[in-house]
Amino acid sequence: MIQSVKHKFFGDRQFYQMVLAIAVPIMIQNGITNFVSLLDNIMVGRIGTEQMSGVAIVNQLLFVYYICIFGGLAGAGIFTAQYFGQKDDEGIRHTFRYKLWMSLILTAGAMLIFIIFGRGLIGMYLSGNADGGDPTATMAYGLRYLKVMFLGLPPFMILQVYASTLRECGETVVPMKAGIAAVCVNLVFNYLLIYGKLGLPALGVVGAAAATSLSRYVEAIIVIVWTHKNTEKNTYIKGMYRSLRLPLSLATKYFTKGLPLLLNETMWAAGMAILTQCYSLRGLNVIAALNIANTINNVFIVVFVAMGDAVAIIVGQLLGAGKMEEARDTDTKIIVFSVVSCIFIAAAMALIAPFFPEIYNTTAEARRLAVRFILAQAVFMPQNAFIHAAYFTLRSGGKTVITFLFDSVYVWCISIPIAFVLSRFTSIYVVWILVFVQIGDWIKCIIGFYLVKKGVWIQNIVTNS
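What counts as what
- Residues numbered from 1 in each chain as written.
- Predicted model: local features only at pLDDT ≥ 70, side-chain atom pairs only at ≥ 80, totals over all residues.
- Heavy atoms only, no water.
- Helix = DSSP H or I, 4+ residues; strand = E, 2+ residues; numbered from the N terminus.
- Buried < 20%, exposed > 50% of the residue type's maximum accessible area, 1.4 Å probe, protein only.
- Lys, Arg positive; Asp, Glu negative; His and termini not counted.
- Salt bridge = Lys/Arg side-chain N within 4 Å of Asp/Glu carboxyl O.
- Contact = heavy atoms within 4.5 Å.
- Core = buried A, V, L, I, M, F, W, Y, C linked by side-chain atoms within 4.5 Å.
- Expected span 1.5 Å × (residues − 1).
- Phe/Tyr/Trp six-rings, centres within 6.5 Å; stacked < 30°, edge-to-face > 60°.
- Lys NZ or Arg CZ within 6 Å of the ring centre and 35° of its normal.
- Disulfide = S-S within 2.5 Å.
- Bend = angle between axes of the 7 residues up to and from the residue.
- Polar contact = N/O pair within 3.5 Å; in protein donor to acceptor, adjacent residues only side chain to side chain.

Caption draft 1: Inspection of the side chain of D331 at higher detail. Looking at where D331 falls in the secondary structure, it is placed in helix α12 (residues 324-352). Although D331 is buried, it forms no salt bridge, and the closest oppositely charged side chain is R328 at an N-O distance of 8.0 Å. Setting aside anything within four residues of it in sequence, one finds D331 in contact with V311, V315, T393, V452 and W457.

Caption draft 2: Examining unusual backbone geometry more closely. Backbone geometry at L198 places phi at a positive 55 degrees, although glycine is not the residue there. In this structure, L198 sits in the loop between α7 (173-195) and α8 (205-229).

Caption draft 3: Spatial organisation of the nonpolar core. The biggest cluster of nonpolar side chains holds 79 residues, and the ones touching the most others in it are Y279, F356, F373, M381 and V430. At eleven residues, the largest contribution of residues to this core is made by helix α11 (residues 302-320). Y279 has contacts with V286, L290, V430, I433, L434 and V437, leaving out every residue within four places of it along the chain. Counting residues in each nonpolar core, the second largest holds 64 residues, with V55, F79, L250 and A269 among its members.

Caption draft 4: Local environment of α11. If you check α11, its first and last C-alpha atoms are 27 Å apart, about what 19 residues at 1.5 Å a residue would give, namely 27 Å. Most of α11 is tucked away: 15 of the 19 residues are buried.

Caption draft 5: Geometry of the environment of T172. Structurally, T172 is set in the loop between α6 (153-168) and α7. For T172, a relative accessible area of 2% corresponds to the buried category. Between the alpha carbons of T172 and V24 there is a distance of 8.8 Å; along the sequence they are 148 residues apart. In contact with T172, not counting residues within four places along its chain, are A21, I22, P25, I26, R167 and I313.

Caption draft 6: Spotlight on the packing of aromatic side chains. By the definition in use, this model includes 18 aromatic pairs. Ring geometry for F63 versus W268: centroids 5.7 Å apart, planes at 65 degrees, classification edge-to-face. Separated by 205 residues along the polypeptide, F63 in helix α3 (residues 49-85) and W268 in helix α9 (residues 248-280) bring together distant segments of the chain. Residue classification places W268 among the partly exposed positions, given a relative accessible area of 23%. Consider the rings of F356 and Y360, whose centres lie 5.6 Å apart with planes at 75 degrees: the pair is edge-to-face. Every member of this aromatic cluster is reached through a ring pair, and the members are Y65, Y66, F70 and F156. Here K333 stacks its cationic end above the ring of F15, 5.8 Å away from the centre of that ring. If you follow K444 out to its NZ or CZ, it ends over the ring of F406, 5.7 Å from the centre.

Caption draft 7: Molecular detail of the state of the cysteines. This model, assessed by the stated rule, comprises zero disulfides. Counting only cysteine sulfurs, C445 is the nearest neighbor of C342, a cysteine outside any disulfide, at a range of 13 Å. C413 takes part in no disulfide bond, and the closest cysteine sulfur, belonging to C278, lies 15 Å away. Judged by relative accessible area, which is 52%, C413 ranks as exposed.

Caption draft 8: Representation of helix α4 (residues 89-123). Here α4 contains 35 residues, and its C-alpha end-to-end distance of 48 Å stays within 8% of the 51 Å for a straight helix at 1.5 Å per residue. The sharpest bend along α4 reaches about 75 degrees and sits at F117. Put simply, D88 is the residue that caps the front of α4, since its side-chain oxygen is 3.3 Å from the backbone nitrogen of E90.

Structural data, given as structure tokens:
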């Protein structure tokens with residue numbers, strides 16, 4: 001009996017080597033990126049609360065754009081993974097061209113929205129009490145930061161097209177190396193431009209934005225050059241730009257399959273922004289505290305984020321190759337691996353919680369709140385690891401409508417109403433609002449477990465495409 005359970009939920013050494021070969025480079029890339037973001041955040045945070053809060057608000061808004069890009073490319077990415085499983089280069093070329101057009105449209109739309117409505121969007125987070133800082137100064141810093149961050153959107157867009165395709169075809173090391181190079185550039189120029197070292201001007205938040213934008217150009221150039229220089233490995237890249245035309249039937253197919261994902265990612269990211277806005281009604285101290293907590297949280301959650309990518313890549317390729325039972329077995333073991341790993345990761349994060357906020361030059365209340373937010377996030381990390389893996393399981397089989405309902409619709413119908421009511425109609429402590437929002441996800445865990453176990457996601461979506 002014990003052996004049967006062990007075989008069902010845990011793999012052998014070779015299995016974990018295979019999973020980690022995919023996941024570890026993604027973890028390293030995301031981990032280094034998030035660690036440098038953490039250092040970036042600390043550098044800005046040591047200038048003052050208003051600067052840190054202004055940058056945090058803009059990054060929350062830009063996060064919606066970033067997630068829109070991920071969502072816009074994700075639908076075609078499902079096909080890419082399965083095309084790769086079938087060794088269909090022409091199919092991969094079609095999905096790549098679709099991604100180019102989709103990312104261009106989304107980036108142009110985002111820039112237009114930020115240019116027209118940027119001030120109003122930042123102002124949404126400054127409508128609460130002014131505890132912890134000056135809202136007018138926060139607005140000014142946020143607008144300055146946003147203008148310079150525009151410069152980094154085009155390279156980010158093209159990078160995601162290339163890097164996502166490489167990952168879906170099993171190449172995770174090159175994007176990782178490019179990410180490492182980029183974060184080194186970001187870190188060095190953050191230090192030089194924020195504080196004005198080596199004779200450069202001290203630009204503060206503008207310097208932080210300039211360093212980030214520069215690093216994105218470096219990352220994009222590395223990935224693009226490597227992809228085109230290694231055509232023997234990336235055979236699909238040959239002839240990629242002979243034409244950017246895409247058969248209407250395929251564009252329609254990718255769009256139809258990907259639209260729920262695009263809507264889902266957009267609505268989910270917007271939902272996260274609204275949740276933050278609900279918390280922000282309790283003052284600028286809360287914005288500062290959430291910024292500190294989310295920064296360290298992003299470093300620790302790279303494990304389950306990478307495991308979600310591993311599910312999408314490995315299980316997607318197995319489904320494309322018609323290995324349905326192997327896909328089910330692999331998926332179960334990756335989910336268990338992700339959740340168990342995050343129990344230990346969460347414990348480490350909880351140990352750091354009392355010390356990390358002390359690094360920041362902010363109010364004592366913001367630091368106290370940050371400790372409690374970090375502890376709450378650590379408690380619910382294993383739960384979120386399971387939800388994340390379940391989401392990518394459903395997505396790997398092309399169940400995009402179900403993922404739309406499971407993810408963003410749930411956020412808007414359950415999570416946001418909880419935060420909205422508690423933040424506006426009660427005086428409950430703001431950390432408890434976050435806790436109750438997380439408790440609301442218990443229902444999502446049950447739904448995810450049922451859908452994954454039932455196997456509604458087990459299908460090959462590229463057969464006869």
